[in-house]
Amino acid sequence: MNKIARSKRSENVLSLACEHARQPKGGSNVHTFTPVLLERLEAENAQLRGSVVELALQIQALRDANRS
């Protein structure tokens, strides 16, 4: 995953957090914000985990190629 993609995803989460901060504290958005943010963070986490697995496999393949 490149830095631009990570940056844009971080900006999306941050913009959602900023949007939430502007909402009235007693409003109904407080209860809907947490599940939405949690869902986005879980999706980002899943993507990052997939990237880690992909990179680990690439590293292992490169190590195996160097041993041959």
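Our structure is the block above this text.
Here is what the cut-offs are and how they apply
- Residues numbered from 1 in each chain as written.
- Predicted model: local features only at pLDDT ≥ 70, side-chain atom pairs only at ≥ 80, totals over all residues.
- Heavy atoms only, no water.
- Helix = DSSP H or I, 4+ residues; strand = E, 2+ residues; numbered from the N terminus.
- Buried < 20%, exposed > 50% of the residue type's maximum accessible area, 1.4 Å probe, protein only.
- Areas by Shrake-Rupley, 256 points an atom, 1.4 Å probe, with all protein chains shown as cover.
- Salt bridge = Lys/Arg side-chain N within 4 Å of Asp/Glu carboxyl O.

Looking at this structure, how should I read the overall build of the protein?
Within the protein one finds 2 helices and 0 strands. Expressed as a percentage of the 68 residues in the protein, the buried residues total 10%. For the protein, the exposed area adds up to about 5700 Å²; of that, 58% sits on carbon and sulfur atoms.

Is there a simple way to think about the pattern of salt bridges in this case?
Any two side chains of opposite charge can pair, so long as their charged atoms come close to each other. Tallying each qualifying case throughout the model produces 1 salt bridge. Of the charged contacts, one joins Arg67 and Asp64 as a salt bridge, the two residues approaching to 3.7 Å between their closest N and O atoms. With Arg67 and Asp64 both in helix 2 (residues 29–67), this residue pair falls 3 residues apart, about one helical turn. For Arg67, a relative accessible area of 65% translates into the label exposed. Overall, the relative accessible area of 38% leaves Asp64 in the partly exposed class.

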